[in-house]
Amino acid sequence: MTLGKLLKSGADKLAQNGISEAALDARYLLLHVTGISPAMFLVRENEETGAETEERFNELIERRASRIPLQHILGTQVFMGLEFAVSPDVLIPRQDTETLVERVLYDRQRMENSPSLLDMCTGSGCIALSLAVLGDFRQVVAADISLKALAVAGENARRILPRRWKDWEDENNGTSRFRLIQSDLYDNIPGDMEFDMIVSNPPYIPTQVIQELEPEVRDHEPWLALDGAGDGLKFYRRLAAESGAHLKPGGCIYLEIGYDQGPAVRSLFEAAGFTNIEIIKDIPGQDRVVAAKWPQEGTHV
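Residues numbered from 1 in each chain as written. Predicted model: local features only at pLDDT ≥ 70, side-chain atom pairs only at ≥ 80, totals over all residues. Heavy atoms only, no water.

Participant: A description of the overall build of the chain should follow, citing residues and the corresponding values.
Facilitator: Each helix and strand counted, the chain has 13 helices and 9 strands in total. In terms of overall dimensions, the chain has C-alpha extents of about 75 × 45 × 30 Å along its principal axes. Within the chain, the proportion of its 301 residues that are buried is 50%. The contacts of the chain with a sequence gap of at least 6 include a subset with a gap of at least 24, amounting to 66%. Per element, the accessible surface of the chain, about 14,300 Å² overall, is 49% carbon and sulfur. Of the side chains in the chain, 31 bear a positive and 46 a negative charge, and the two mean positions are spaced by 2 Å. (Helix = DSSP H or I, 4+ residues; strand = E, 2+ residues; numbered from the N terminus. Buried < 20%, exposed > 50% of the residue type's maximum accessible area, 1.4 Å probe, protein only. Contact = heavy atoms within 4.5 Å. Areas by Shrake-Rupley, 256 points an atom, 1.4 Å probe, with all protein chains shown as cover. Lys, Arg positive; Asp, Glu negative; His and termini not counted. Charge placed at Lys NZ, Arg CZ, Asp CG, Glu CD.)

Participant: How would you sum up the nonpolar core? Please name residues and give values.
Facilitator: Judged by nonpolar contacts, the single largest core of 33 residues is most densely connected at M120 and F269. Looking at this core, the elements that each hand over two or more residues are β3 (116–120), β4 (139–144), β6 (195–200), α12 (234–242), β7 (247–256), α13 (262–271) and β9 (287–293). For M120, the contacting residues outside a window of four places in its chain are A143, L185, Y186, I189, V199, S200, N201 and L239. In terms of nonpolar packing, the next biggest core, distinct from the first, is built from 31 residues, A128, L150, A157 and Y254 among them. (Core = buried A, V, L, I, M, F, W, Y, C linked by side-chain atoms within 4.5 Å.)

Participant: Give me the environment of G75: which residues, what numbers.
Facilitator: Its place among the elements puts G75 in the loop between α5 (70–74) and β1 (76–79). Contact partners of G75, with chain neighbours within four places excluded, come to F84, A85 and V86.

Participant: Requested: an account of the pattern of salt bridges, with residues and values cited.
Facilitator: Side chains that differ in charge, positive against negative, can pair when their charged atoms come close. Taken as a whole and judged by the stated rule, the model has 24 salt bridges. Between R44 and E47 there is a salt bridge, with its nearest N and O atoms 3.1 Å apart. Taking the relative accessible area as the measure of exposure, R44 reaches 30% and is therefore partly exposed. Overall, E47 belongs to the partly exposed group, its relative accessible area being 35%. Here D282 ties to R288 by a salt bridge, and the two come within 3.1 Å at their closest N and O atoms. Overall, R288 belongs to the buried group, its relative accessible area being 9%. One salt-bridge network, in which partners are shared between bridges, spans D25, R64, R67, E214 and E216. (Salt bridge = Lys/Arg side-chain N within 4 Å of Asp/Glu carboxyl O.)

Participant: Can you lay out α13 for me, pointing to particular residues and giving the numbers?
Facilitator: The complete set of buried residues in α13 reads G262, V265 and F269. The arc that holds the buried residues of α13, viewed along the axis, is 70°, so those residues lie on one side. In α13, those exposed residues whose orientation departs by more than 90 degrees from the buried face are P263 and A271. Against the buried residues of α13 lie α12, β7, β8 (275–281) and β9. Among the residues trailing α13, G273 stands out with phi positive, at a value near 100°. (Arc of directions from axis to C-beta.)

Participant: Could you give an account of unusual backbone geometry, with specific residues and numbers?
Facilitator: A positive phi angle, close to 80°, is found at R67, a residue other than glycine. The backbone of M80 sits at a positive phi, close to 55°, despite the residue not being glycine. For M80, the location among the structural elements is in the loop between β1 and β2 (82–85). Residue class for M80 comes out buried when judged on its relative accessible area of 17%.

Participant: Tell me about the pairing of strand β5 (residues 178–182), and please be specific about residues and values.
Facilitator: Where burial is concerned, most of β5 is hidden: 4 out of the 5 residues are buried. When β4 meets β5, the two strands line up parallel, connected through 5 bridges. Each residue of the ladder has a partner; that of V140, found in β5, is F178. (Pairing = 2+ DSSP bridges.)

Participant: Residues and numbers for the pairing of β1, please.
Facilitator: Note that β1 and β2 share 4 bridges and pair antiparallel. Looking across to β2, one finds that T76 is bridged to A85. Hairpin connection between β1 and β2: a loop of 2 residues separates the two successive antiparallel strands, and M80 in this loop has a positive phi of roughly 55°.

Have a look at this one:
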């Protein structure tokens, strides 16, 4: 069988099992098995394959057909141009979340001094590490309740951070430029630790809605990273109530939200005394990020 025919057989199998991007997923899996680049595949698609290649490819096709996420099979996902390791212990990085990172980077460029940043609910570390690499922050702290998630974030830090950030691995203390902290939101964040910026992609899907999600998400991504309780707003309530204590005067918070949660999240942060609240849309035009400012000293509501 040629590479081209093998690819078609895999794509047909995925399509029969309800995979929406069957042809694309099959191509990713075949390139993964063969180590061939996309451009080289066009040159070699009429080459005969070996039995070992066919067996390995068909094994991966069967896994994908069973609705295991493509990223879990490949072990990686690209986010903000960086390749992150992923596992069932963390939420798979999504393009929607790049809206949050891009807005933080935009605001960062307008700041004269190198700021400090906290990424709450860091998961794979994709937000924190993208900002660490692209944003020239003085310090980045990444926090998550899950030790398994922090292990993935630590692996990604070792893969991604430039050499100048290496000190976090050997000296994981308050002076390190990149730091991982196990914490249920702010519970383990020192009371005197304040930041210029806080970012978070917290769990925000209402519990009952999770059951309606695609099997790739519902059955293979951690509910801990998805479940926002009854109305999806559980973690925004805590973030609104507790974030001000960890923001410097004039500091800002940036939150990913569900497409229909903007007004509710805005109200929570208004009630908590935040100002300059903005709802930011993603590329498809859906509400995706809420940004808010903690007042300067002497101006708290």
